[in-house]
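Tertiary structure, described
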Number of protein chains: 2
Amino acid sequence: MEFKDIVTRRYATKQFQPRTIPEETIKELLELVRWAPSGLNLQPWRIKVVADAETKALLEPATPDEPQIKSCSHLLVFCVDTDFGAQCERLSRAMKEHGVPERVHDIVMGIATEMSHLPPSEMQAWLQSQVYIAATHALLGATALGLDSCPMTHFLPDKYSRILGLPSHLRAVLLVALGYGADEPHPKWRYPLEEILL
Amino acid sequence: MEFKDIVTRRYATKQFQPRTIPEETIKELLELVRWAPSGLNLQPWRIKVVADAETKALLEPATPDEPQIKSCSHLLVFCVDTDFGAQCERLSRAMKEHGVPERVHDIVMGIATEMSHLPPSEMQAWLQSQVYIAATHALLGATALGLDSCPMTHFLPDKYSRILGLPSHLRAVLLVALGYGADEPHPKWRYPLEEILL
């Protein structure tokens, strides 16, 4: 499928068919997500894949106005890792293991040190934003693999933490419901280019 | 090009050929960006397309360690619109103009009202994150159109505001340099799936 068709076909699916996505398709999709870029190549994301009806039922009241939580085949819960320091240490080790040239390693770690002085709210916004890159790979990748999807940011992250037993340095920031659409997409609209460009 | 190949081929290009992207290709790319999804369909992004050498030279000192600013053909400066209230009013008008069913309009605006009570730092993080969806469309779309690109978050937004004359409610959050790569990509590495999944 051409990228243009992927972008055009994708829509926020509100109702899914009672049909389960094969595990190998989910794996293929996660592989597309895994290769997403991120600032410093930090990859500050963790993903919980929810496929069982019981957990979905628990999450439903923590996701108001989003009934697709229940009808979807799989729900990807995208979490941000909020511990920048620990991730930078891990990044430094991983770059060395992967044979990244020392010069590149040192530039990246220099920027990381500079960034560690960002105000906490800016740092958290930066980390969270990187997770959206991975989630966008999931949305577009799903269409490319013949799946439908729905992104959601309207949910109760504290309840998600409790229900999924997330460690304190992780926080759910975006959900992607996956499956096979059972609804008709609303006609799409966007602002015209002249209202977007400066 | 298959989506998998797009994801695999894209790399952070550090040096571009001295070759200008045709304007119709830039337009095609911006069209792919324009259709990006966002929470509430708010589309809280504005984009400054920088193609002239003079502005690029002015931006270079505000973008340390990123020489690709100078060699790229076009630089997309992705800005977030930080004024949630004004954008919600515009969204309500636009939904009515586009014939969005009243029931859907009211659900969206209800969520918007709820969100308007978010702590300001959370609201700004949410708005900024949406812009990353559009920027990811730009990165993947560029590869699909035979272009190379480099995303950058390491720059001085206040200086960008001054140089580009941005109004106070807009703030540059991410840059995408575009052109035809003149460098060899470093081998890519990412954490294995078992370290990403919860």
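For the structure itself, consult the block above.
Calculation notes
- Residues numbered from 1 in each chain as written.
- Chains lettered and ligands numbered in written order.
- Predicted model: local features only at pLDDT ≥ 70, side-chain atom pairs only at ≥ 80, totals over all residues.
- Helix = DSSP H or I, 4+ residues; strand = E, 2+ residues; numbered from the N terminus.
- Buried ≥ 20, exposed ≤ 12 C-beta atoms within 10 Å, placed from the backbone.
- Contact = placed C-beta atoms within 7 Å.
- Nonpolar A, V, L, I, M, F, W, Y, C, P; charged D, E, K, R; others polar.
- Pairing = 2+ DSSP bridges.
- Axes fitted to C-alpha atoms, helices over the stretch in contact; angles between N-to-C directions.
- Expected span 1.5 Å × (residues − 1).
- Arc of directions from axis to C-beta.
- Least-squares fit on C-alpha atoms with pLDDT ≥ 70 in both.
- Parallel < 35°, antiparallel > 145°, perpendicular 65-115°, else oblique.
- Left-handed = near helix turned anticlockwise from the far one by under 90°.
- Core = buried A, V, L, I, M, F, W, Y, C linked by C-beta atoms within 7 Å.

Notes on the environment of A:Q124
- Position of A:Q124 relative to the elements: it lies in helix 7 (residues 120–144).
- What makes A:Q124 partly exposed here is the crowd of 19 C-beta atoms within 10 Å.
- A C-alpha to C-alpha distance of 8.8 Å links A:Q124 and A:F84, two positions 40 residues apart in sequence.
- A:Q124 has contacts with A:T82 and B:A125, leaving out every residue within four places of it along the chain.

Remarks on the interface of chain B and chain A
- Between chain B and chain A, the residue contacts involve 46 residues of the former and 46 residues of the latter.
- Top contributing element to the side of chain B that touches chain A by residue count: helix 7 (residues 120–144) of chain B, with 14 residues.
- Residue classes in the side of chain B that touches chain A are distributed as 27 nonpolar, 13 polar and six charged.

Details of the sheet that holds strand 4 (residues 170–179) of chain B
Residue and element names in this part refer to chain B.
- Taken together, four strands build an open sheet; the order of strands is 1-2-4-3 and the sheet is antiparallel. The open sheet has two free edges, formed respectively by strand 1 (45–50) and strand 3 (148–152), since each of these has just one partner strand. Going from strand to strand, the sheet's axes swing by 25 degrees on average, the running direction of each strand aside.
- The sheet strands contacting helix 8 (residues 157–164) are strand 1, strand 2 (74–81) and strand 4, and the helix crosses strand 4 at an angle near 80 degrees.

Describing helix 5 (residues 84–97) of chain A
Residue and element names in this part refer to chain A.
- Given a rise of 1.5 Å per residue, 14 residues ought to cover 20 Å, and the 20 Å separating the end C-alpha atoms of helix 5 matches this to within 8%.
- Turning to helix 5, its buried residues are F84, L91 and M95. Projected down its long axis, helix 5 carries its buried residues within an arc of 30 degrees, all on one side. Opposite the packed face of helix 5, turned more than 90 degrees from it, sit the exposed residues G85, A86, E89, R93, K96 and E97.
- Looking at the buried positions of helix 5, the neighbouring elements they touch are helix 6 (102–115) and helix 7.
- Backbone geometry just downstream of helix 5 places G99 in the positive-phi region, at approximately 70 degrees.

A look at unusual backbone geometry
All names here are of chain A.
- Positive phi values are uncommon outside glycine, yet L40 reaches one of about 65 degrees.
- Locating L40 in the fold gives a position in the loop between helix 2 (23–34) and strand 1 (45–50).
- Notably, Q43 is not glycine yet its phi reads approximately 55 degrees, a positive angle.
- By secondary structure assignment, the location of Q43 is in the loop between helix 2 and strand 1.

Observations regarding the relation of the copies chain B and chain A
- Taken as rigid bodies, chain B and chain A are interconverted by a rotation of 180 degrees and an axial shift of 0.0 Å, the fit giving an RMSD of 0.0 Å. Both copies are brought into coincidence by an operation consistent with a two-fold rotation axis.
- Interface overlap between copies is the fraction of interface residues in one copy that are interface residues in the other; for chain B against chain A it reaches 100%, indicating a shared surface.

Some points on the sheet that holds strand 2 (residues 74–81) of chain A
Residues and elements named next belong to chain A.
- An order of 1-2-4-3 is seen for the four strands of this open sheet, with the pairing classed as antiparallel. In the strand order of this sheet, the two ends are held by strand 1 and strand 3 (148–152), each with one partner. Across this sheet, the average inter-strand angle for adjacent strands is 25 degrees, counted without regard to direction.
- As judged from the six bridges shared by strand 1 and strand 2, these two strands associate in the antiparallel manner. Directly across from I47, in strand 2, lies its bridge partner F78.
- Sheet strands touched by helix 8 (residues 157–164): strand 1, strand 2 and strand 4 (170–179). Its angle to strand 4, the strand with the most contacts, is close to 80 degrees.

Some details on the packing of helix 2 of chain A against helix 7 of chain A
All names here are of chain A.
- Where helix 2 meets helix 7, the axes come as close as 8 Å, and the angle between the chain directions of the two elements is 140 degrees. What the angle tells us is that helix 2 and helix 7 run oblique. As for how helix 2 packs across helix 7, the hand of that crossing is right-handed. Where helix 2 approaches helix 7, its residues L29, L32 and V33 are matched on the opposing element by A134, H137, A138, G141 and A142.
- The residue inventory of the contact of helix 2 with helix 7, partitioned by class, reads six nonpolar, two polar and no charged.

Quick notes on the nonpolar core
- In this structure, A:V77, A:F78, A:V176, B:V77, B:F78 and B:V176 are the most contacted members of the largest nonpolar core, which totals 96 residues.
- Sequence-distant contacts of A:V77, that is, excluding residues within four places in its chain, are made with A:I47, A:K48, A:V50, A:Y160, A:L164, A:A172 and A:L175.
- Within the second largest apolar cluster, six residues are counted, among which are B:L42, B:L91, B:M95 and B:V108.

Some details on the environment of B:I21
Residues and elements named next belong to chain B.
- The residue I21 is located in the loop between helix 1 (3–9) and helix 2 (23–34) in this model.
- Taking the number of C-beta atoms within 10 Å as the measure of exposure, I21 has 20 and is therefore buried.
- A C-alpha to C-alpha distance of 7.5 Å links I21 and H74, two positions 53 residues apart in sequence.
- When sequence neighbours within four positions are dropped, the list of residues in contact with I21 reads I26, S73, H74, L147, L178 and G179.

Remember that the coordinates give geometry; whether it matters functionally is a separate question.
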